[in-house]
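# Notes for the structure review
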Amino acid sequence: MLTNVREMASGFLLMPDHRFQFFFSYGALDRQAKGEWELEGDQVVFSSAKWSGADFTIISSKTESPEEGIIVLLDPPNPMLAAYLHLSLSGGQENSWIQFRGPGELRLEPQEFDSLAIQFEFCPERFTVLPITKGHNQFVIRPEQTLFELYLHQFRLQHTAEGLSGRHPLLEGSFVYTRTGSAAP
């Protein structure tokens, strides 16, 4: 378990069969990861399944009146999720992100574009780039069930007598994870 960090809980569960589970809970935000761990010298190395590359899917698209511009709708409408969604028509370039509104609708001026880039604020480590059908200007998107999943690739922590130490997958700085059960690498 992560120690000496207030108002949040986080930890790794290392199982004897070399599988692991990770959780992070801060207020209403919960993120998790799962995968395999291995011991390399005095380091525990964590690796998850590879990210699919998409936290969102276009479930329908069509051509509407060009004067209407570009319309992106969230399905199902969800104002809590939409408040933290951002879209870029420039492949995710810096300063190109626009925030969704209301229950999940975004209307933009007519312009040339070849993809929709979508980012969920609580998963800042990645964003989804969705190719579009040329000429379409109305899109309905849906989040994937794995939206909150965290993917670790060769994430390393130092194995100590007390537990683990090193970085955190989502936080800045160096941390100590104290052993709370009898299982140990």
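Heads up: these notes are all about the structure in this document. Since the model is a prediction, treat every value here as computed from it, not as a measurement.

Thresholds, definitions, all that
- Residues numbered from 1 in each chain as written.
- Predicted model: local features only at pLDDT ≥ 70, side-chain atom pairs only at ≥ 80, totals over all residues.
- Heavy atoms only, no water.
- Buried < 20%, exposed > 50% of the residue type's maximum accessible area, 1.4 Å probe, protein only.
- Helix = DSSP H or I, 4+ residues; strand = E, 2+ residues; numbered from the N terminus.
- Pairing = 2+ DSSP bridges.
- Contact = heavy atoms within 4.5 Å.
- Axes fitted to C-alpha atoms, helices over the stretch in contact; angles between N-to-C directions.
- Core = buried A, V, L, I, M, F, W, Y, C linked by side-chain atoms within 4.5 Å.

### Looking at the pairing of strand 15 (residues 175–178)
Of the two faces of strand 15, only one is covered, namely that formed by Phe175 and Tyr177; the face formed by Val176 and Thr178 stays uncovered. For strand 14 (residues 163–166) and strand 15, the ladder comprises 4 bridges, and the chain directions are antiparallel. Paired with Ser165 across the two strands is Val176, which belongs to strand 15.

### Digging into the environment of Leu87
Counting through the fold element by element, Leu87 comes out in strand 7 (residues 85–88). Taking the C-alpha atoms as reference points, Leu87 and Phe113, 26 residues apart in sequence, are found 12 Å from one another. Apart from the residues within four sequence positions on either side, Leu87 is in contact with Val72, Ser96, Trp97, Ile98, Phe100, Leu106, Leu108, Leu116, Ala117 and Ile118.

### Description of the sheet that holds strand 14
Strand order in the open sheet formed by 7 strands is 1-2-3-4-13-14-15, and the pairing between neighbours is antiparallel. Each of the sheet's edge strands pairs with one partner strand only, and the pair in question is strand 1 (9–14) and strand 15. In this sheet, neighbouring strand axes are inclined to one another by 30° on average, regardless of whether the strands run parallel or antiparallel. Judged from the 4 bridges that link them, strand 4 (residues 43–48) and strand 13 (residues 155–159) form a sheet pairing that is antiparallel. Note that in strand 13 the partner of Val44 across the bridge is Leu157.

### Here's the deal with the nonpolar core
By size, the foremost hydrophobic cluster in this structure holds 22 residues, and its most contacted members are Phe56, Val72, Leu85, Leu87, Phe100, Leu116 and Ile141. Looking at this core, the elements that each hand over two or more residues are strand 6 (70–74), helix 1 (79–82), strand 7, strand 9 (105–108), strand 10 (115–120) and strand 12 (138–143). Core analysis: the next-biggest nonpolar cluster, separate from the first, contains 18 residues, Phe12, Phe20, Phe24 and Tyr177 among them.

### Structural notes on the pairing of strand 3 (residues 29–40)
As judged from the 8 bridges shared by strand 2 (residues 19–26) and strand 3, these two strands associate in the antiparallel manner. Its bridge partner being in strand 3, Phe23 is matched across the sheet by Gln32. Hairpin connection of strand 2 to strand 3: 2 residues between the antiparallel strands, including Gly27 at a positive phi of 60°. Where strand 3 hands over to strand 4, the hairpin turn is made up of 2 residues, of which Gly41 adopts a positive phi near 65°.

### What to know about unusual backbone geometry
The amide bond that connects Asp75 to the next residue, Pro76, takes the cis arrangement and shows omega of -5°. Note on placement: Pro76 falls in the loop between strand 6 and helix 1. Unusually for a residue other than glycine, Asn4 sits at a positive phi of about 60°. The topology assignment puts Asn4 in the segment before strand 1.

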